[in-house]
Amino acid sequence: MLVVGKTEEDFMNEGIDKYISRLKHYISFEFITIPDVKGGSKLTTLKLKEEEGKLILAKVTAGDQLILLDEKGKDFSSREFSGFIQKKMNSGAQALIFVIGGAFGFSDEVYEKAKDQISLSKMTFSHQMVRLFFTEQLYRAFTILKGEKYHHD
Ligand SMILES: C[S@@+](CC[C@H](N)C(=O)[O-])C[C@H]1O[C@@H](n2cnc3c(N)ncnc32)[C@H](O)[C@@H]1O
């Protein structure tokens, strides 16, 4: 998973770490933080997104699948999302790279490179909150795939 900028709130870091450690029972999982762009506050929003976009794309190698978290993306139930993950794992991708954008979202270059866009809700969450919600949903997806008693519907 790739995120832009550090998570500042300890209470969120605690939650994110909890789900990442649970996730690691099922998959090899890496949480990569793209550092804030230097002098970012002096850049226009467009330029800032372009600079962040370059840093994001620099982490992607051939065979990786880029999947963006985006409020305008496709929405899933948790069970549907587990099916999506299973299909992706069967597709032979080298790695699935889920990306959470910065405060202003993604550049056009990042959208062009992305294979899929996933929405957690039509509402916009802070880029920090989404890290916590999404690590929990990923964990939930694996418990569904393994038939474990975590998800109930
Ligand atoms: C504050 S939002 C950026 C909003 C910005 N208006 C945009 O155009 O994308 C920061 C990041 O959090 C993630 N995000 C926020 N709400 C989301 C949602 N409902 N579903 C999926 N991702 C979301 C996205 O990765 C987004 O780039």
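Residues numbered from 1 in each chain as written. Predicted model: local features only at pLDDT ≥ 70, side-chain atom pairs only at ≥ 80, totals over all residues. Heavy atoms only, no water.

## What about the environment of H152?
Turning to step 1, where the next piece is worked out: The topology assignment puts H152 in the segment after α5 (127-145).
Turning to step 2, where the next piece is worked out: Judged by relative accessible area, H152 falls into the exposed class, the value being 64%.
Turning to step 3, where the next piece is worked out: Counting along the chain gives 37 residues from H152 to K115, while the straight-line C-alpha distance between them is 30 Å. (Helix = DSSP H or I, 4+ residues; strand = E, 2+ residues; numbered from the N terminus. Buried < 20%, exposed > 50% of the residue type's maximum accessible area, 1.4 Å probe, protein only.)

## A word on the site of the ligand
Turning to step 1, where the next piece is worked out: The environment of the ligand is made up of 19 residues, and the closest members are L69, G101, L120, S121 and M123.
Turning to step 2, where the next piece is worked out: Backbone polar atom of G101 to an oxygen atom of the ligand: 2.9 Å apart, as the coordinates give it.
Turning to step 3, where the next piece is worked out: Between S121 and the ligand, the recorded distance is 2.8 Å, taken from a backbone N or O atom to a nitrogen atom.
Turning to step 4, where the next piece is worked out: Against a free-state accessible area of 560 Å², the protein chains account for coverage of 86% of the ligand.
Turning to step 5, where the next piece is worked out: Of all the elements in the fold, those that place two or more residues in the shell around the ligand are β3 (64-75), β5 (116-119) and α5. (Near = heavy atom within 4 Å. Polar contact = N/O pair within 3.5 Å; in protein donor to acceptor, adjacent residues only side chain to side chain. Areas by Shrake-Rupley, 256 points an atom, 1.4 Å probe, with all protein chains shown as cover.)

## Description of the UniProt feature "binding site: S-adenosyl-L-methionine" (unreviewed entry) in the protein
Turning to step 1, where the next piece is worked out: Sites flagged by UniProt as "binding site: S-adenosyl-L-methionine" (unreviewed entry) map to L69, G101, L120, S121, K122, M123, T124 and F125.
Turning to step 2, where the next piece is worked out: Of note, S121 is situated in the loop between β5 and α5. (UniProt positions renumbered as here; feature names shortened; annotations may be inferred.)

## Section: the pattern of salt bridges
Turning to step 1, where the next piece is worked out: One pass over the full model with this rule turns up five salt bridges.
Turning to step 2, where the next piece is worked out: A salt bridge links E51 to K54; its shortest N-O distance comes to 3.3 Å. One end of the pair, E51, and the other, K54, are both in helix α2 (residues 45-57), three residues apart, so they sit about a helical turn from each other.
Turning to step 3, where the next piece is worked out: Taking the relative accessible area as the measure of exposure, E51 reaches 22% and is therefore partly exposed.
Turning to step 4, where the next piece is worked out: The class of K54 is exposed, set by a relative accessible area of 52%.
Turning to step 5, where the next piece is worked out: Across the pair E136 and R140 runs a salt bridge whose closest N-O atoms are separated by 2.9 Å. You can see E136 and its partner R140 sitting in helix α5, four residues apart, about one turn around the helix. (Salt bridge = Lys/Arg side-chain N within 4 Å of Asp/Glu carboxyl O.)

## A look at the nonpolar core
Turning to step 1, where the next piece is worked out: By size, the foremost hydrophobic cluster in this structure holds 23 residues, and its most contacted members are L69, F81, I85, F98, I118, F134 and L138.
Turning to step 2, where the next piece is worked out: For this core, the secondary-structure elements that each account for two or more residues are α1 (10-23), β3, α3 (78-90), β4 (95-100) and α5.
Turning to step 3, where the next piece is worked out: Of the residues forming this core, the biggest block, seven residues, is contributed by α5. (Core = buried A, V, L, I, M, F, W, Y, C linked by side-chain atoms within 4.5 Å.)

## Here we look at the packing of α1 against α5
Turning to step 1, where the next piece is worked out: Close contact between α1 and α5 brings their axes to 9 Å; oriented N to C, the two are set at 25°. It follows from the interaxial angle that α1 and α5 lie roughly parallel. Like other packed secondary-structure pairs, α1 and α5 cross with a definite hand, here left-handed. Mapping the contact onto sequence places M12, G15, I16, Y19, I20, R22 and L23 in α1 and Q128, M129, R131, L132, T135, E136, L138, Y139 and F142 in α5. (Axes fitted to C-alpha atoms, helices over the stretch in contact; angles between N-to-C directions. Parallel < 35°, antiparallel > 145°, perpendicular 65-115°, else oblique. Left-handed = near helix turned anticlockwise from the far one by under 90°. Contact = heavy atoms within 4.5 Å.)

## Side note on the packing of aromatic side chains
Any two aromatic rings considered together are summarised by their centre-to-centre distance and by the angle between their planes.
Turning to step 1, where the next piece is worked out: Counted under the stated rule, the structure contains eleven aromatic pairs.
Turning to step 2, where the next piece is worked out: Centre to centre, the rings of Y19 and Y139 are 6.0 Å apart; their planes meet at 40°, and the pair counts as tilted. Remark: Y139 occurs in helix α5 and Y19 occurs in helix α1; sequence separation between them is 120 residues.
Turning to step 3, where the next piece is worked out: Among the residues examined, Y19 registers a relative accessible area of 14% and is labelled buried. (Phe/Tyr/Trp six-rings, centres within 6.5 Å; stacked < 30°, edge-to-face > 60°.)

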